[in-house]
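# A look at the structure
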Amino acid sequence: MKINRKTPFYRMIMINYLSLSLSILLVALSCNSTDSGQDLKPTDLKVDITLVGTDDAHPNGNGSGIVEISASASNAVRYAFRFENGDVEDSTDGSTTHTFTEEGTHPYTIVVWAYSPTGEFINETFNVEVYKSNEAFNTLVFSDEFEYEGKPDPEKWHYQVIPPNNGSWHNNELQHYTNRSENSFVSDGTLKIRAIKEKYTFEGSTKDYTSARMNSKFAFTYGKVEVRAKLPSKKGTWPAIWTLGANSNETGNYFGEQYGNAEWPACGEIDILEQNGWDKESTIAHFHWSDLNSDEYQNLGGTTPITNASGSFHVYSLEWNASAMKVFLDDTLVYELKNSQNTPYNAPHYLLLNIAMGGTLGGDIPENFTDDIFEIDYVRIYQ
(Lines give C-alpha, C1' and ligand atoms only; values in the text may rest on other atoms or scores of the structure.)
Protein backbone atom coordinates (compact mmCIF):
# COMPACT_ATOMS: atom_id res chain seq x y z
CA MET A 1 0.00 0.00 0.00
CA LYS A 2 1.34 3.38 -0.91
CA ILE A 3 1.32 5.92 1.91
CA ASN A 4 0.94 9.58 1.21
CA ARG A 5 3.45 11.48 3.39
CA LYS A 6 1.09 14.39 3.64
CA THR A 7 -1.70 12.38 5.25
CA PRO A 8 -2.40 12.57 9.03
CA PHE A 9 -1.84 8.84 9.25
CA TYR A 10 1.75 9.17 8.04
CA ARG A 11 2.48 12.05 10.42
CA MET A 12 1.17 9.94 13.35
CA ILE A 13 3.47 7.05 12.45
CA MET A 14 6.53 9.32 12.29
CA ILE A 15 5.73 10.99 15.62
CA ASN A 16 5.38 7.62 17.33
CA TYR A 17 8.63 6.43 15.74
CA LEU A 18 10.59 9.49 16.87
CA SER A 19 9.12 9.25 20.35
CA LEU A 20 10.14 5.59 20.64
CA SER A 21 13.65 6.32 19.36
CA LEU A 22 14.13 9.15 21.84
CA SER A 23 12.96 6.96 24.71
CA ILE A 24 15.42 4.22 23.75
CA LEU A 25 18.25 6.76 23.54
CA LEU A 26 17.46 8.21 26.96
CA VAL A 27 17.37 4.76 28.52
CA ALA A 28 20.71 3.88 26.92
CA LEU A 29 22.32 7.09 28.15
CA SER A 30 20.90 6.54 31.60
CA CYS A 31 22.29 3.00 31.78
CA ASN A 32 25.66 4.12 30.46
CA SER A 33 25.90 6.90 33.09
CA THR A 34 24.92 4.57 35.89
CA ASP A 35 27.36 1.88 34.78
CA SER A 36 30.36 4.24 34.54
CA GLY A 37 29.63 6.09 37.77
CA GLN A 38 31.06 9.27 36.24
CA ASP A 39 28.13 11.48 37.17
CA LEU A 40 27.48 10.12 40.66
CA LYS A 41 27.76 12.70 43.40
CA PRO A 42 29.47 11.57 46.64
CA THR A 43 27.07 10.57 49.40
CA ASP A 44 27.12 9.52 53.04
CA LEU A 45 30.06 11.66 54.17
CA LYS A 46 31.35 10.42 57.50
CA VAL A 47 33.98 12.37 59.45
CA ASP A 48 35.82 11.37 62.62
CA ILE A 49 37.66 14.21 64.42
CA THR A 50 40.04 13.29 67.25
CA LEU A 51 41.68 15.79 69.60
CA VAL A 52 44.93 14.12 70.62
CA GLY A 53 45.11 13.30 74.32
CA THR A 54 41.44 13.91 75.09
CA ASP A 55 40.24 12.42 78.37
CA ASP A 56 37.90 13.34 81.21
CA ALA A 57 40.43 15.80 82.62
CA HIS A 58 41.35 17.26 79.21
CA PRO A 59 38.19 17.42 77.07
CA ASN A 60 39.87 19.75 74.55
CA GLY A 61 43.08 17.75 74.14
CA ASN A 62 46.36 17.38 75.99
CA GLY A 63 47.80 20.77 75.06
CA SER A 64 49.55 19.68 71.89
CA GLY A 65 46.92 21.40 69.72
CA ILE A 66 46.88 18.37 67.40
CA VAL A 67 43.68 17.29 65.64
CA GLU A 68 43.51 14.06 63.62
CA ILE A 69 40.77 13.66 61.01
CA SER A 70 39.50 10.67 59.06
CA ALA A 71 36.82 11.08 56.36
CA SER A 72 35.00 8.65 54.06
CA ALA A 73 32.15 8.90 51.54
CA SER A 74 30.56 6.73 48.89
CA ASN A 75 31.74 7.49 45.31
CA ALA A 76 34.55 9.76 46.58
CA VAL A 77 38.09 9.57 45.18
CA ARG A 78 39.67 12.46 47.03
CA TYR A 79 39.08 14.73 50.01
CA ALA A 80 40.00 18.24 51.09
CA PHE A 81 40.19 20.00 54.44
CA ARG A 82 40.29 23.63 55.51
CA PHE A 83 41.07 24.74 59.06
CA GLU A 84 39.62 28.14 59.89
CA ASN A 85 40.57 30.46 57.01
CA GLY A 86 43.72 28.64 56.05
CA ASP A 87 44.71 26.97 52.81
CA VAL A 88 42.82 23.91 51.58
CA GLU A 89 44.72 20.67 52.18
CA ASP A 90 44.14 17.70 49.85
CA SER A 91 44.12 14.02 50.80
CA THR A 92 43.54 10.91 48.69
CA ASP A 93 42.85 8.56 51.59
CA GLY A 94 40.65 10.89 53.63
CA SER A 95 43.04 11.35 56.55
CA THR A 96 45.05 14.32 57.75
CA THR A 97 46.60 15.83 60.88
CA HIS A 98 46.63 19.50 61.81
CA THR A 99 48.23 21.42 64.68
CA PHE A 100 46.55 24.57 66.01
CA THR A 101 49.21 26.90 67.39
CA GLU A 102 47.27 29.62 69.22
CA GLU A 103 47.82 29.18 72.95
CA GLY A 104 44.85 28.57 75.18
CA THR A 105 41.44 27.02 74.41
CA HIS A 106 39.80 28.38 71.26
CA PRO A 107 36.90 27.45 68.93
CA TYR A 108 37.76 26.56 65.33
CA THR A 109 35.86 25.57 62.20
CA ILE A 110 36.91 22.65 60.03
CA VAL A 111 35.45 22.14 56.55
CA VAL A 112 35.66 18.72 54.92
CA TRP A 113 34.98 18.04 51.21
CA ALA A 114 34.53 14.73 49.36
CA TYR A 115 34.95 14.75 45.55
CA SER A 116 33.78 12.40 42.80
CA PRO A 117 35.99 11.56 39.77
CA THR A 118 34.27 14.35 37.78
CA GLY A 119 34.67 16.96 40.50
CA GLU A 120 31.20 16.87 42.02
CA PHE A 121 31.40 17.26 45.77
CA ILE A 122 29.64 17.36 49.11
CA ASN A 123 30.98 19.08 52.20
CA GLU A 124 30.29 19.62 55.86
CA THR A 125 31.48 22.13 58.43
CA PHE A 126 32.44 21.11 61.95
CA ASN A 127 33.11 23.17 65.07
CA VAL A 128 35.74 22.13 67.62
CA GLU A 129 37.39 23.64 70.70
CA VAL A 130 41.10 22.88 70.98
CA TYR A 131 43.50 23.45 73.86
CA LYS A 132 47.08 24.49 73.09
CA SER A 133 49.41 24.64 76.10
CA ASN A 134 51.89 27.46 76.58
CA GLU A 135 53.85 25.59 79.22
CA ALA A 136 57.53 24.92 78.64
CA PHE A 137 59.37 21.89 80.01
CA ASN A 138 60.35 23.62 83.24
CA THR A 139 59.61 21.12 86.02
CA LEU A 140 62.58 18.93 86.90
CA VAL A 141 61.23 15.41 87.47
CA PHE A 142 64.43 13.31 87.42
CA SER A 143 68.09 14.20 87.65
CA ASP A 144 71.52 13.02 88.66
CA GLU A 145 74.23 15.66 89.01
CA PHE A 146 76.82 13.04 90.10
CA GLU A 147 77.98 15.16 93.01
CA TYR A 148 79.12 12.13 95.00
CA GLU A 149 81.77 9.43 94.85
CA GLY A 150 81.63 5.71 94.10
CA LYS A 151 78.88 3.62 92.52
CA PRO A 152 76.06 5.36 90.60
CA ASP A 153 73.03 6.03 92.81
CA PRO A 154 71.14 2.69 93.10
CA GLU A 155 67.88 4.57 93.69
CA LYS A 156 68.16 6.01 90.19
CA TRP A 157 70.07 3.48 88.07
CA HIS A 158 69.71 -0.18 87.15
CA TYR A 159 72.44 -2.25 85.49
CA GLN A 160 71.35 -4.38 82.55
CA VAL A 161 73.80 -7.28 82.47
CA ILE A 162 71.95 -10.34 81.10
CA PRO A 163 72.69 -10.82 77.37
CA PRO A 164 69.34 -11.13 75.57
CA ASN A 165 70.62 -12.83 72.42
CA ASN A 166 71.83 -16.35 73.32
CA GLY A 167 74.71 -15.16 75.48
CA SER A 168 75.42 -12.06 73.38
CA TRP A 169 73.99 -8.62 72.78
CA HIS A 170 72.16 -7.57 69.62
CA ASN A 171 73.80 -5.76 66.67
CA ASN A 172 76.87 -8.06 66.82
CA GLU A 173 78.27 -6.13 69.78
CA LEU A 174 81.46 -7.63 71.22
CA GLN A 175 81.23 -6.77 74.94
CA HIS A 176 79.62 -7.98 78.11
CA TYR A 177 77.94 -5.34 80.26
CA THR A 178 78.72 -5.53 83.97
CA ASN A 179 77.77 -3.84 87.24
CA ARG A 180 81.41 -3.66 88.38
CA SER A 181 83.03 -0.43 89.51
CA GLU A 182 85.72 -1.03 86.87
CA ASN A 183 83.11 -0.30 84.20
CA SER A 184 81.12 2.50 85.85
CA PHE A 185 81.87 4.88 88.72
CA VAL A 186 81.31 8.45 89.86
CA SER A 187 84.22 10.73 90.70
CA ASP A 188 85.02 14.45 90.61
CA GLY A 189 81.46 15.36 89.74
CA THR A 190 80.96 13.11 86.72
CA LEU A 191 79.85 9.58 85.87
CA LYS A 192 82.37 7.51 83.96
CA ILE A 193 81.25 4.56 81.83
CA ARG A 194 84.40 2.68 80.89
CA ALA A 195 84.89 0.16 78.12
CA ILE A 196 87.83 -2.20 78.73
CA LYS A 197 89.61 -4.79 76.61
CA GLU A 198 89.62 -7.90 78.80
CA LYS A 199 88.40 -11.49 78.76
CA TYR A 200 85.16 -11.73 80.70
CA THR A 201 82.81 -14.68 81.09
CA PHE A 202 79.13 -14.42 82.03
CA GLU A 203 77.03 -17.56 82.39
CA GLY A 204 79.35 -19.53 80.12
CA SER A 205 79.67 -16.84 77.42
CA THR A 206 83.11 -15.22 77.03
CA LYS A 207 83.72 -11.84 75.41
CA ASP A 208 86.88 -9.81 74.81
CA TYR A 209 85.50 -6.50 76.12
CA THR A 210 83.46 -5.17 79.04
CA SER A 211 81.40 -2.03 79.51
CA ALA A 212 78.25 -0.82 81.34
CA ARG A 213 74.65 -0.33 80.28
CA MET A 214 72.52 1.69 82.70
CA ASN A 215 68.70 2.02 82.77
CA SER A 216 67.01 4.89 84.58
CA LYS A 217 64.57 3.70 87.25
CA PHE A 218 62.23 6.41 86.03
CA ALA A 219 59.68 6.16 83.23
CA PHE A 220 58.06 9.22 81.67
CA THR A 221 55.77 10.25 78.82
CA TYR A 222 56.73 13.52 77.09
CA GLY A 223 59.34 15.90 78.42
CA LYS A 224 62.80 17.27 77.84
CA VAL A 225 65.92 15.17 78.39
CA GLU A 226 69.33 16.84 78.79
CA VAL A 227 72.60 14.95 79.10
CA ARG A 228 75.90 16.85 79.21
CA ALA A 229 78.74 14.56 78.22
CA LYS A 230 82.11 13.89 76.66
CA LEU A 231 82.26 11.00 74.22
CA PRO A 232 84.92 8.29 73.94
CA SER A 233 87.51 9.08 71.28
CA LYS A 234 88.84 5.71 70.16
CA LYS A 235 87.77 3.75 67.11
CA GLY A 236 85.45 0.84 67.72
CA THR A 237 83.52 2.57 70.52
CA TRP A 238 79.78 3.12 70.12
CA PRO A 239 78.40 5.44 72.85
CA ALA A 240 74.66 5.99 73.18
CA ILE A 241 72.12 8.12 75.05
CA TRP A 242 68.69 6.73 74.20
CA THR A 243 65.25 5.62 75.33
CA LEU A 244 63.11 2.52 75.00
CA GLY A 245 59.41 2.13 75.64
CA ALA A 246 58.92 0.98 79.23
CA ASN A 247 56.83 -1.88 77.82
CA SER A 248 59.95 -3.38 76.21
CA ASN A 249 60.30 -7.09 76.86
CA GLU A 250 64.10 -7.08 76.51
CA THR A 251 65.74 -9.44 78.97
CA GLY A 252 67.00 -7.85 82.18
CA ASN A 253 65.47 -4.40 81.77
CA TYR A 254 64.44 -2.66 84.98
CA PHE A 255 60.67 -2.51 84.49
CA GLY A 256 60.12 -6.10 83.43
CA GLU A 257 56.46 -6.47 82.40
CA GLN A 258 55.18 -3.61 84.56
CA TYR A 259 54.16 -1.60 81.48
CA GLY A 260 53.61 -4.45 79.03
CA ASN A 261 55.45 -7.00 76.98
CA ALA A 262 56.29 -5.49 73.59
CA GLU A 263 58.93 -6.73 71.19
CA TRP A 264 61.39 -4.28 69.66
CA PRO A 265 60.64 -2.15 67.64
CA ALA A 266 56.99 -2.12 68.74
CA CYS A 267 58.11 -0.57 72.05
CA GLY A 268 59.76 2.34 70.22
CA GLU A 269 63.33 3.62 70.45
CA ILE A 270 64.64 7.20 70.49
CA ASP A 271 68.37 7.61 69.93
CA ILE A 272 69.22 11.01 71.36
CA LEU A 273 72.93 10.42 70.76
CA GLU A 274 74.83 7.74 68.93
CA GLN A 275 78.31 7.96 67.49
CA ASN A 276 79.79 5.29 65.28
CA GLY A 277 83.23 3.87 65.80
CA TRP A 278 84.90 5.18 62.67
CA ASP A 279 83.61 8.78 62.55
CA LYS A 280 84.22 10.79 65.69
CA GLU A 281 83.44 14.13 64.04
CA SER A 282 79.67 13.69 63.76
CA THR A 283 76.79 12.42 65.88
CA ILE A 284 73.56 10.60 65.06
CA ALA A 285 69.93 11.07 66.12
CA HIS A 286 67.63 8.23 65.10
CA PHE A 287 64.19 6.72 65.68
CA HIS A 288 63.14 3.08 65.40
CA TRP A 289 59.51 1.96 65.75
CA SER A 290 56.72 -0.05 64.21
CA ASP A 291 53.40 1.40 63.16
CA LEU A 292 50.78 0.50 65.75
CA ASN A 293 48.19 -0.15 63.03
CA SER A 294 50.17 -1.92 60.31
CA ASP A 295 53.09 -3.31 62.41
CA GLU A 296 55.38 -2.03 59.64
CA TYR A 297 58.95 -1.30 60.80
CA GLN A 298 60.00 2.33 60.43
CA ASN A 299 63.28 4.14 61.06
CA LEU A 300 64.35 7.71 60.37
CA GLY A 301 67.12 9.99 61.59
CA GLY A 302 69.92 12.39 60.79
CA THR A 303 73.50 13.35 61.56
CA THR A 304 75.29 16.58 62.44
CA PRO A 305 78.96 17.60 62.69
CA ILE A 306 80.54 17.93 66.12
CA THR A 307 83.82 19.54 67.20
CA ASN A 308 86.01 18.02 69.90
CA ALA A 309 83.37 15.55 71.08
CA SER A 310 85.77 13.79 73.46
CA GLY A 311 87.71 16.82 74.70
CA SER A 312 84.84 19.11 75.72
CA PHE A 313 81.35 18.68 77.10
CA HIS A 314 78.33 18.99 74.81
CA VAL A 315 74.63 18.88 75.66
CA TYR A 316 72.57 16.18 73.97
CA SER A 317 68.85 16.75 74.37
CA LEU A 318 65.39 15.59 73.38
CA GLU A 319 62.16 17.62 73.39
CA TRP A 320 59.22 15.24 73.17
CA ASN A 321 55.49 15.91 73.11
CA ALA A 322 52.37 14.60 71.41
CA SER A 323 53.16 16.42 68.17
CA ALA A 324 56.87 15.76 67.65
CA MET A 325 60.23 14.56 68.96
CA LYS A 326 63.15 16.95 68.42
CA VAL A 327 66.77 15.94 69.06
CA PHE A 328 69.40 18.62 69.58
CA LEU A 329 73.18 18.81 69.81
CA ASP A 330 73.77 21.85 72.03
CA ASP A 331 71.30 24.29 70.44
CA THR A 332 71.37 22.75 66.96
CA LEU A 333 68.40 20.66 65.80
CA VAL A 334 69.71 17.33 64.54
CA TYR A 335 66.43 15.69 63.60
CA GLU A 336 62.69 16.11 64.14
CA LEU A 337 60.13 13.33 63.82
CA LYS A 338 56.44 14.12 63.84
CA ASN A 339 54.44 12.16 66.39
CA SER A 340 51.01 10.57 65.87
CA GLN A 341 48.66 8.08 67.44
CA ASN A 342 50.17 5.39 65.19
CA THR A 343 53.57 5.52 66.93
CA PRO A 344 54.70 4.10 70.30
CA TYR A 345 55.76 7.62 71.35
CA ASN A 346 52.70 8.44 73.44
CA ALA A 347 53.53 6.04 76.26
CA PRO A 348 56.21 5.83 78.99
CA HIS A 349 59.88 5.49 78.03
CA TYR A 350 63.03 5.16 80.12
CA LEU A 351 66.57 6.42 79.57
CA LEU A 352 69.65 4.30 78.79
CA LEU A 353 73.36 5.14 78.86
CA ASN A 354 76.05 2.81 77.52
CA ILE A 355 79.13 2.17 75.39
CA ALA A 356 78.96 -0.78 73.01
CA MET A 357 82.07 -2.20 71.38
CA GLY A 358 82.20 -3.06 67.70
CA GLY A 359 79.02 -4.25 66.07
CA THR A 360 76.78 -2.43 63.60
CA LEU A 361 77.84 1.11 64.49
CA GLY A 362 81.05 0.41 66.39
CA GLY A 363 82.79 -1.23 63.45
CA ASP A 364 86.31 -2.59 63.62
CA ILE A 365 88.19 -2.28 66.91
CA PRO A 366 91.93 -1.56 66.65
CA GLU A 367 94.20 -4.28 68.00
CA ASN A 368 95.89 -1.81 70.34
CA PHE A 369 92.63 -0.71 72.01
CA THR A 370 92.89 -0.89 75.81
CA ASP A 371 90.07 1.24 77.26
CA ASP A 372 88.03 4.41 76.78
CA ILE A 373 85.56 6.50 78.80
CA PHE A 374 82.13 8.02 78.22
CA GLU A 375 82.01 10.88 80.77
CA ILE A 376 78.66 12.34 81.85
CA ASP A 377 78.35 15.59 83.80
CA TYR A 378 74.60 15.45 84.47
CA VAL A 379 71.31 13.85 83.44
CA ARG A 380 68.12 15.95 83.71
CA ILE A 381 64.54 15.24 82.69
CA TYR A 382 61.93 18.03 82.69
CA GLN A 383 58.20 18.00 82.11
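Residues numbered from 1 in each chain as written. Predicted model: local features only at pLDDT ≥ 70, side-chain atom pairs only at ≥ 80, totals over all residues. Heavy atoms only, no water.

To continue, consider the overall build of the protein. Looking only at helices and strands, the protein features two helices and 24 strands. Looking at the protein as a whole, 46% of its 383 residues are labelled buried. Taking the intrachain contacts of the protein between residues at least 6 apart in sequence as the baseline, contacts between residues at least 24 apart amount to 68%. On the protein, roughly 19400 Å² of surface is accessible, and the fraction owed to carbon and sulfur atoms is 48%. (Helix = DSSP H or I, 4+ residues; strand = E, 2+ residues; numbered from the N terminus. Buried < 20%, exposed > 50% of the residue type's maximum accessible area, 1.4 Å probe, protein only. Contact = heavy atoms within 4.5 Å. Areas by Shrake-Rupley, 256 points an atom, 1.4 Å probe, with all protein chains shown as cover.)

Before going further, it helps to examine the pattern of salt bridges. What the rule picks out here adds up to 11 salt bridges. R380 is the salt-bridge partner of E145, the closest N and O atoms lying 2.9 Å from each other. Of this pair, E145 sits in the loop between β8 (140-144) and β9 (157-159) while R380 is found in strand β24 (residues 371-382), placing the two residues 235 residues apart along the sequence. A relative accessible area of 28% means that E145 is categorised as partly exposed. Ionic pairing is found between R213 and E250, a salt bridge with its closest N-O pair at 2.5 Å. Pair noted here: R213 is in strand β14 (residues 213-220) and E250 is in the loop between β16 (237-245) and β17 (269-274), with a separation of 37 residues, a long-range link. For the pair R213 and E250, one class covers both residues: buried. (Salt bridge = Lys/Arg side-chain N within 4 Å of Asp/Glu carboxyl O.)

Our next topic: the sheet that holds strand β18 (residues 282-290). The seven strands are arranged β9-β14-β23-β16-β17-β18-β19 in an open sheet whose pairing can be described as antiparallel. This sheet does not close on itself; its edge strands, each paired only once, are β9 and β19 (297-305). The mean inter-strand angle of the sheet, taken between neighbouring strand axes irrespective of direction, is 20 degrees. Where β9 meets β14, three bridges bridge the pair, whose relative direction is antiparallel. (Pairing = 2+ DSSP bridges. Axes fitted to C-alpha atoms, helices over the stretch in contact; angles between N-to-C directions.)

Glancing now at the packing of aromatic side chains. What the rule picks out here adds up to 18 aromatic pairs. These aromatic residues form a ring-pair network of at least three members: F142, W157, F218, F220, Y222 and W320. The ring of Y378 has R380 sitting right over it, with the charged end atom 3.6 Å from the ring centre. (Phe/Tyr/Trp six-rings, centres within 6.5 Å; stacked < 30°, edge-to-face > 60°. Lys NZ or Arg CZ within 6 Å of the ring centre and 35° of its normal.)

Across the sheet, which stays open at both edges, the four strands sit in the order β4-β3-β6-β7 with antiparallel pairing between neighbours. Taken across any chain shown, the strands that pair with only one partner, and hence form the sheet edges, are β4 (88-91) and β7 (121-132). Taken over all neighbouring pairs, the strand axes of this sheet differ in orientation by 25 degrees on average, direction set aside. Direction of pairing for strand β6 (residues 104-115) relative to β7: antiparallel, over a ladder of 12 bridges. Note that in β7 the partner of Y115 across the bridge is F121.

The residue Q175 is located in strand β10 (residues 175-177) in this model. In this structure Q175 comes out as buried when scored by relative accessible area, which is 0%. A polar contact is formed between the side chain of Q175 and the side chain of Y177, at a distance of 3.4 Å. At 2.8 Å, the side chain of Q175 and the backbone nitrogen of M357 are in polar contact. Beyond its immediate stretch of four places on either side in the chain, Q175 contacts W169, K207, Y209, T210, S211, A356 and M357. (Polar contact = N/O pair within 3.5 Å; in protein donor to acceptor, adjacent residues only side chain to side chain.)

Here we come to the pairing of strand β20 (residues 314-320). Counting buried positions along β20 gives six out of seven residues, so the element sits mostly inside the fold. Two elements, strand β15 (residues 223-230) and β20, share seven bridges in a ladder whose sense is antiparallel. Across the sheet, residue K224 finds its bridge partner in β20, namely E319. Strand direction decides the pairing type here: β20 and strand β21 (residues 324-329), joined by five bridges, are antiparallel. By the bridge assignment, L318 is partnered in β21 with V327. What sits between β20 and β21 in their antiparallel hairpin is a turn of three residues.

Right, let's talk about the layout of surface pockets for a bit. In this model, the largest pocket occupies a volume close to 810 Å³. Taken together, the elements giving at least two residues each to the lining of the largest pocket come down to β2 (66-74), β5 (95-99), β7, β20, β21 and β22 (332-338). It is β5 that contributes the most residues to the lining of the largest pocket, three residues altogether. The residue inventory of the lining of the largest pocket, partitioned by class, reads eight nonpolar, 16 polar and seven charged. Considered as a void within the structure, the second largest pocket measures approximately 630 Å³ in volume. Lining the second largest pocket are 32 residues; nearest its centre among them are H170, N171, W242, W264 and E269. Counting residues per element, the ones that place at least two in the lining of the second largest pocket are β16, β17, β18, β19, β23 (349-357) and α2 (359-362). Its residues assigned to classes, the lining of the second largest pocket shows 13 nonpolar, 12 polar and seven charged. (1 Å grid on protein atoms, 1.4 Å probe; cavity = no way out; pocket = protein on both sides within 12 Å on 5 of 7 lines; lining within 4 Å. Points joined across faces, edges and corners; volume = space filled by probe spheres on them. Nonpolar A, V, L, I, M, F, W, Y, C, P; charged D, E, K, R; others polar.)

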